[in-house]
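Close look at the chain arrangement
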Amino acid sequence: MFKKTAFWIIGVTVLFSSAAFAGSNSANLSPSASITSNCTIAVGTNISFGAYDPISGAVVSTTGALTIACTSDVVDPVITLGQGAHADTGSTEASPLRRLQSGSDYLAYGLYQDTGNTVWGNTSGTGVTFDNSDGDGLGHNVTVYAKIGADQHSAPAGSYSDTVVATITF
């Protein structure tokens, strides 16, 4: 009998103590975030002309790619390509005269927006407008067409290279 009474007393005590602490309060959490308009640009595929034969002097064509990703609110960003580290005399941002260099020797080459030889320059008018209409924020490749010009017969053997800055303005 003592056990039953003890359990009953304990049960009632727990019941009343729970009731004494019954009540609640609440607060609202306010999660937030912000997104800043943004675009990224990276080399997707570098431009490699391979071997150039100055004896034949034939044009060598190839392509490379830039990888572009923008937030969905960015409309019509423009991709521009600088003149290169070894631009020839008379080169301008709108009409670059790019050259590959090996020591003190050069090979003229061009970077183009298409296969029709539309020069890809470093101004808003000579850059390429990136179509961000899908607005998915994923990386998309943009092809860069490249050609070493014909008839550069006097170019000596060597490894020729250049560095061109690619920029996206949004």
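Cut-offs and rules
- Residues numbered from 1 in each chain as written.
- Predicted model: local features only at pLDDT ≥ 70, side-chain atom pairs only at ≥ 80, totals over all residues.
- Heavy atoms only, no water.
- Helix = DSSP H or I, 4+ residues; strand = E, 2+ residues; numbered from the N terminus.
- Buried < 20%, exposed > 50% of the residue type's maximum accessible area, 1.4 Å probe, protein only.
- Contact = heavy atoms within 4.5 Å.
- Areas by Shrake-Rupley, 256 points an atom, 1.4 Å probe, with all protein chains shown as cover.
- Phe/Tyr/Trp six-rings, centres within 6.5 Å; stacked < 30°, edge-to-face > 60°.
- Lys NZ or Arg CZ within 6 Å of the ring centre and 35° of its normal.
- Polar contact = N/O pair within 3.5 Å; in protein donor to acceptor, adjacent residues only side chain to side chain.

Now for the overall build of the chain. In terms of regular secondary structure, the chain is built from 1 helix and 8 strands. Order of helices (α) and strands (β) in the chain, N terminus to C terminus: α-β-β-β-β-β-β-β-β. For the chain, the proportion of its 170 residues judged to be buried stands at 29%. Of the contacts made within the chain by residues no fewer than 6 positions apart, 74% connect residues no fewer than 24 positions apart. Carbon and sulfur atoms make up 56% of the accessible area of the chain, which amounts to about 10,900 Å² in all.

The next thing to look at is unusual backbone geometry. In this structure, asparagine 117 is a non-glycine residue whose phi angle is positive, near 70°. Here asparagine 117 is to be found in the loop between strand S5 (105–112) and strand S6 (128–129). Phi is positive for aspartate 151, close to 60°, though the residue is something other than glycine. Here aspartate 151 is to be found in the loop between strand S7 (140–148) and strand S8 (166–169).

Let's shift gears to the packing of aromatic side chains. Taken as a whole, this structure holds 1 aromatic pair when the rule is applied. With a centroid separation of 6.0 Å and an interplanar angle of 70°, the aromatic rings of phenylalanine 49 and tyrosine 109 are classed as edge-to-face. Of the two residues, phenylalanine 49 is situated in the loop between strand S1 (39–45) and strand S2 (60–70) and tyrosine 109 in strand S5; the sequence distance between them amounts to 60 residues. Residue classification places phenylalanine 49 among the buried residues on the basis of a relative accessible area of 15%. Residue classification places tyrosine 109 among the buried positions, given a relative accessible area of 9%. Between arginine 99 and the ring centre of tyrosine 106, over which it is positioned, the NZ or CZ distance is 3.5 Å. Lysine 147 extends its terminal NZ or CZ atom over the ring of tyrosine 112, reaching a point 5.9 Å from the ring centre.

Attention shifts here to the side chain of threonine 126. Along the polypeptide, threonine 126 turns up in the loop between S5 and S6. Within the local environment of threonine 126, its side chain forms a polar contact with the side chain of threonine 123, the two groups lying 2.7 Å apart. Ignoring anything within four residues of it in the chain, the contact list for threonine 126 reads Glu93, Ala94, Gln113, Val119, Trp120 and Gly121.

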